[in-house]
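Each chain, letter by letter, is given below.
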Amino acid sequence: IWNTVATAPLFANVRALWIADWLGALFAQPCSLLTALPQLTTLVIDLPLRRALWRVIARQLVCSDEAAGVDVCSALRTLAVPLMDEDMLGDLIAICVSRADRGRPICRLVVRLVRDGAWLEDIGVLAGVVDEFTVVQRSGEWPDDLEWYWKVPQMCRDEERFHPLW
């Protein structure tokens, strides 16, 4: 069933995607939804991730010759993620450098700090591999243009019309 979901033409023109932690099964390989998003320009991971889910997503976003010809999210230019630790920082550097080297750079990177640590001293490395780098503090909000809520039509956000299931 996951292969059917990932290959459905429904996703071919998706340009922005917000990932919540509980949707991990949609991004597991080999039937990852990310492989079905060639037009995706903005990816926002909106919740702190389990380590396993982040590693699956990160491996797919790194461009390498070993990628077996699969061009995952080739149009991706904006990436927003929670930043939890040194390993995740290393993954982000690998993603940004590899994509830039292959002509598919991440131009805008937004990270939300989740944990403190000495590893944060190295965070400036990311600023050197993207055009625009933003750090959001733990309690801060994503920039407005990256909040899914503002993408929803006003009539759906109107409190008088708000539905409990929405």
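Please refer to the structure placed before this passage.
Residues numbered from 1 in each chain as written. Predicted model: local features only at pLDDT ≥ 70, side-chain atom pairs only at ≥ 80, totals over all residues. Heavy atoms only, no water.

(A) Fine view of the sheet that holds strand β4 (residues 108-113). Spatial strand order, β1-β2-β3-β4-β5: 5 strands in an open sheet with parallel pairing. The open sheet has two edge strands with one neighbour each: β1 (16-19) and β5 (132-136). Pairs of neighbouring strands in the sheet enclose a mean axial angle of 15°, with direction left out of account. The strands touched by helix α2 (residues 51-61) are β1, β2 (42-45) and β3 (78-83); relative to β2, the strand with the most contacts, the crossing angle is about 165°. Contacts from helix α3 (residues 86-101) reach β3 and β4, with the element oriented near 170° to β3. (Pairing = 2+ DSSP bridges. Helix = DSSP H or I, 4+ residues; strand = E, 2+ residues; numbered from the N terminus. Axes fitted to C-alpha atoms, helices over the stretch in contact; angles between N-to-C directions. Contact = heavy atoms within 4.5 Å.)

(B) Molecular detail of the pattern of salt bridges. Scanning all chains against the criterion turns up 3 salt bridges. Its salt-bridge partner being Arg55, residue Asp91 comes within 3.5 Å of it at the nearest N-O pair. Pair noted here: Asp91 is in helix α3 and Arg55 is in helix α2, with a separation of 36 residues, a long-range link. With a closest N to O distance of 3.5 Å, Arg108 and Glu132 form a salt bridge. Remark: Glu132 occurs in strand β5 and Arg108 occurs in strand β4; sequence separation between them is 24 residues. Within the structure, one salt-bridge network assembled from shared partners comprises Arg108, Glu132 and Asp145. (Salt bridge = Lys/Arg side-chain N within 4 Å of Asp/Glu carboxyl O.)

(C) Expanded view of the side chain of Asp91. For Asp91, a relative accessible area of 10% corresponds to the buried category. A polar atom in the side chain of Asp91 sits 2.7 Å from the side chain of Trp54. Ignoring any residue separated from it by four or fewer positions in sequence, one finds Asp91 in contact with Trp54, Arg55 and Ala58. (Buried < 20%, exposed > 50% of the residue type's maximum accessible area, 1.4 Å probe, protein only. Polar contact = N/O pair within 3.5 Å; in protein donor to acceptor, adjacent residues only side chain to side chain.)

(D) Broad picture of a nonpolar patch on the surface. Side chains of Trp148, Tyr149 and Trp150 sit close together on the surface and give an oily, nonpolar patch of about 340 Å² of accessible area. Within the secondary structure, Trp150 is located in the loop between β5 and α5 (154-157). (Patch = residues over 30% accessible without salt bridge, like charges linked within 9 Å, V, L, I, M, F, W, Y side chains within 5 Å. Areas by Shrake-Rupley, 256 points an atom, 1.4 Å probe, with all protein chains shown as cover.)

(E) Broad picture of the side chain of Thr42. On the secondary structure map, Thr42 appears in strand β2. By relative accessible area, Thr42 is classed as buried at 15%. When neighbours within four sequence positions are excluded, Thr42 is seen to be in contact with Arg15, Ala16, Leu17, Leu76, Thr78 and Leu146.

(F) Up close: α3. Here α3 is 16 residues long and its end C-alpha atoms lie 22 Å apart, about the 22 Å a rise of 1.5 Å per residue gives. Residues of α3 that are buried include every one of Met88, Leu89, Asp91, Leu92, Ile95, Cys96, Ser98 and Arg99, and no others. Structurally, α3 contributes buried residues whose contacts are with α2, β3, β4 and α4 (124-127). One side-chain oxygen at the N-terminal end of α3 lies 3.1 Å from the backbone nitrogen of Asp87; it belongs to Asp85. After α3 finishes, the residue Gly103 shows a positive phi value of roughly 80°. (Expected span 1.5 Å × (residues − 1).)

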